[in-house]
Amino acid sequence: MPQRYIDTTLFDLFKVGPGPSSSHTIGPMKAGHHFAETCAALPRDLLVRAVRFRVRLYGSLSATGTGHGTDAAVVAGLLGTAPESCPAGLLQELMDDPHTRRKRSLGDGQVSVCVDDVSHDAIIHDFPYSNTLVADLLDAEDKVLHSQEYYSVGGGFIQWKGWEPPSLGKPVHRYSNMTELRAIVKEKGLNIYEIILDNEMAITGASRPSIIYSLNQIIDHMESSVRRGLDSEGQLPGPLKVQRKARMLWQQASRMQSSPDQFLTRINAYAFATAEENASGGVIVTAPTCGSAGVMPALVYALRHEMFIGDRAIREAFLASAAVGFIAKHNASIAGAEVGCQGEIGVASAMAAAFVADARGYRSRVTENAAEVALEHHLGITCDPVQGYVQIPCIERNAMGAIKAYNAAVITSGTDPYSQRVSLDAAIAAMAETGREMSCKFKETSLGGLAVSMVAC
């Protein structure tokens, strides 16, 4: 049973790390890092026998881990690298040299690991989550000294067998869905961003200035990912030979000279830019995932640099978007391996729609309605990356999600907010049900959909 109220924090939802996948790259890296730290605390008589690590991947991690860089990510974690401090190029370096053993200190000795120590096991299994990995510490005879199951549950969040939620402060404003959040807005006369900020301070103990500082950093990381993507050209890594398009679209927009298509082309360019950075293993912000990391930055960049909306309004709208992400995660999922791409691009688009509506000064009911419209029109979308790479159809989907988000805000801001028939809670419930009924072929395993039909063409 999920906890009655939401206590996810802002900087658990918005995480800085390397692409291309929050569930397949950031999550496994965190799992490897956690396992190595756990091993370091084992009794000395056990550690002196330790020689190497071994990892087995299951479910979607096994099916598409190669294209997502999972093998290298978990090895990087075992070697002591955390997502937020992962050096540029490290994962590619590990993938390019899978046989070389690298060492790390563990107690008074050292253990080794290489990418070849990561194996791909059963896609269909009985573990509680699709994205499962089992990490082992072995002796010289390959006897298991210590072992742990890890689950990458989406958005870079991990759990493990026996995991208990961390002890945190209690939120000031307790809600579990949008209906309850709307009631708090009405009863207390607060804006959504004020509720989220109050809760963040209560849950984490952080001060308002420190939260605002960290939020500014997250927004700056998003903008940087857009700028890097716009400055980059050439072919993305991997066998698909996908050409970067962000710069092409940006240059096309600059030639349009006040064409009505110019603004939309720029939004497309911004979304492509970050999505292409993610696909190349660059540093991005999960919003809510790596695979959907281009949607929010596209609208942040557009509102800041095309519509000249100020920093405070951007921050406040960012907090409103977080509320949508929290509710979707709490009541359904943000993992493609659990509910398909509707939980990634769909939720990202809903968050971005709420962001646009709030940043432009509309009431909280319009913000909610914008999020609902954006999510509703992503329901049922499968997660079917071709050959397991977060490139086709993922990059273009980021652009489509950004455009839908903007249009959802336009539609809902131009109509009676109380005439909206479908609630955000209803759309999230539909997403959860659709995800449960969706075949595993369409949930990040690359065993169906476009991943198969494109290859067959």
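You'll find the chain entered in an unreviewed UniProt entry as L-serine dehydratase, with Bilophila wadsworthia given as the organism. The UniProt entry for the chain carries this comment under Pathway (unreviewed entry): "Carbohydrate biosynthesis; gluconeogenesis."

Draft legend 1. Main features of a nonpolar patch on the surface. A grouping of Ile 123, Ile 124 and Leu 447 is seen on the molecular surface, where their side chains present a nonpolar patch of about 270 Å² in accessible area. Relative to the helices and strands, Leu 447 is located in the loop between α18 (424–437) and α19 (450–456). Judged by its relative accessible area of 41%, Leu 447 is partly exposed.

Draft legend 2. Up close: the pairing of strand β4 (residues 109–113). In the sheet, strand β3 (residues 102–106) pairs with β4 via five bridges, with the strands oriented antiparallel. Of the residues in β4, the one forming a bridge with Ser 105 is Gln 110. Taking the residues that link successive antiparallel strands as the turn, the β3-β4 hairpin has two residues, and the phi of Gly 107 there is positive, at about 70°.

Draft legend 3. Here's a closer look at the nonpolar core. By size, the foremost hydrophobic cluster in this structure holds 95 residues, and its most contacted members are Phe 14, Leu 299, Phe 318 and Phe 355. Looking at this core, the element that brings in the most residues is helix α15 (residues 345–359), giving 12 residues. Mapped onto the domain boundaries, this core takes at least three residues apiece from domain 1 (22–160) and domain 2 (178–204 + 206–442). Excluding anything up to four places from it in sequence, Phe 14 contacts Ile 218, Met 222, Val 285, Thr 286, Ala 287, Phe 318, Ser 321, Ala 322 and Met 351. One finds Ala 36, Leu 61, Leu 94 and Leu 145 within the second-largest nonpolar core, a separate group that totals 34 residues.

Draft legend 4. Highlighting the UniProt feature "domain: Serine dehydratase beta chain" (unreviewed entry) in the chain. Under the feature "domain: Serine dehydratase beta chain" (unreviewed entry), the UniProt entry names residues 10–161. Between the end C-alpha atoms of residues 10–161 there is a gap of 25 Å, over a span that is 34% helix and 30% strand.

Draft legend 5. The packing of aromatic side chains, seen in detail. Enumeration according to the criterion identifies 10 aromatic pairs in this entry. Centre to centre, the rings of Phe 14 and Phe 318 are 4.7 Å apart; their planes meet at 45°, and the pair counts as tilted. Residue Phe 14 is located in the loop between α1 (10–13) and β1 (16–18), and its partner Phe 318 is located in helix α13 (residues 311–331); the two are separated by 304 residues in the primary sequence. Just as Phe 14 is buried, Phe 318 falls in that class too. Plain terms: the ring middles of Phe 318 and Phe 355 are 6.4 Å apart, the flat faces sit at 85° to each other, and that makes the pair edge-to-face. Residue Phe 318 is located in helix α13, and its partner Phe 355 is located in helix α15; the two are separated by 37 residues in the primary sequence. A relative accessible area of 0% places Phe 355 in the buried class.

Draft legend 6. Region of the structure containing the domain arrangement of the chain. Its domain assignment divides the chain into domain 1 (22–160) and domain 2 (178–204 + 206–442). Distance from the C-alpha centre of domain 1 to the C-alpha centre of domain 2: 30 Å. In this complex, domain 1 contributes 15 residues to the contact, which on the side of domain 2 involves 16 residues. Taken together, the connections running from domain 1 to domain 2 amount to zero salt bridges.

Draft legend 7. Quick look at the side chain of Gln 262. Along the polypeptide, Gln 262 turns up in helix α11 (residues 262–279). Residue Gln 262 is classed as buried on the basis of its relative accessible area of 17%. Polar side-chain contacts of Gln 262 include one of 2.8 Å to the backbone oxygen of Ala 253. Sequence-distant contacts of Gln 262, that is, excluding residues within four places in its chain, are made with Ala 253, Ser 254, Met 256 and Gln 257.

Draft legend 8. Structural context of α18. For α18, built from 14 residues, the straight-helix expectation of 20 Å at 1.5 Å per residue is met to within 8% by its first-to-last C-alpha distance of 20 Å. Restricting attention to buried positions, one finds in α18 the residues Leu 424, Asp 425, Ala 427, Ile 428, Met 431, Ala 432 and Gly 435. Looking down the long axis of α18, one finds its buried residues gathered within 165° of arc, a one-sided arrangement. Exposed and facing more than 90 degrees away from the buried side of α18 are Arg 436 and Glu 437.

Draft legend 9. Expanded view of the packing of α13 against α15. Running from amino to carboxyl end, α13 crosses α15 at an angle of 145°, the nearest separation of the two axes being 8 Å. The hand of the α13/α15 crossing is right-handed. Where α13 approaches α15, its residues Ala 313, Ile 314, Glu 316, Ala 317, Phe 318, Ala 320, Ser 321, Val 324, Gly 325 and Ala 328 are matched on the opposing element by Val 347, Ala 350, Met 351, Ala 354, Phe 355, Asp 358 and Ala 359. Taken together, the residues of the contact of α13 with α15 sort by class into 13 nonpolar, two polar and two charged.

Conventions we followed
- Residues numbered from 1 in each chain as written.
- Predicted model: local features only at pLDDT ≥ 70, side-chain atom pairs only at ≥ 80, totals over all residues.
- Heavy atoms only, no water.
- UniProt positions renumbered as here; feature names shortened; annotations may be inferred.
- Patch = residues over 30% accessible without salt bridge, like charges linked within 9 Å, V, L, I, M, F, W, Y side chains within 5 Å.
- Areas by Shrake-Rupley, 256 points an atom, 1.4 Å probe, with all protein chains shown as cover.
- Salt bridge = Lys/Arg side-chain N within 4 Å of Asp/Glu carboxyl O.
- Helix = DSSP H or I, 4+ residues; strand = E, 2+ residues; numbered from the N terminus.
- Buried < 20%, exposed > 50% of the residue type's maximum accessible area, 1.4 Å probe, protein only.
- Pairing = 2+ DSSP bridges.
- Core = buried A, V, L, I, M, F, W, Y, C linked by side-chain atoms within 4.5 Å.
- Domains from an automatic or database assignment.
- Contact = heavy atoms within 4.5 Å.
- Phe/Tyr/Trp six-rings, centres within 6.5 Å; stacked < 30°, edge-to-face > 60°.
- Polar contact = N/O pair within 3.5 Å; in protein donor to acceptor, adjacent residues only side chain to side chain.
- Expected span 1.5 Å × (residues − 1).
- Arc of directions from axis to C-beta.
- Axes fitted to C-alpha atoms, helices over the stretch in contact; angles between N-to-C directions.
- Left-handed = near helix turned anticlockwise from the far one by under 90°.
- Nonpolar A, V, L, I, M, F, W, Y, C, P; charged D, E, K, R; others polar.

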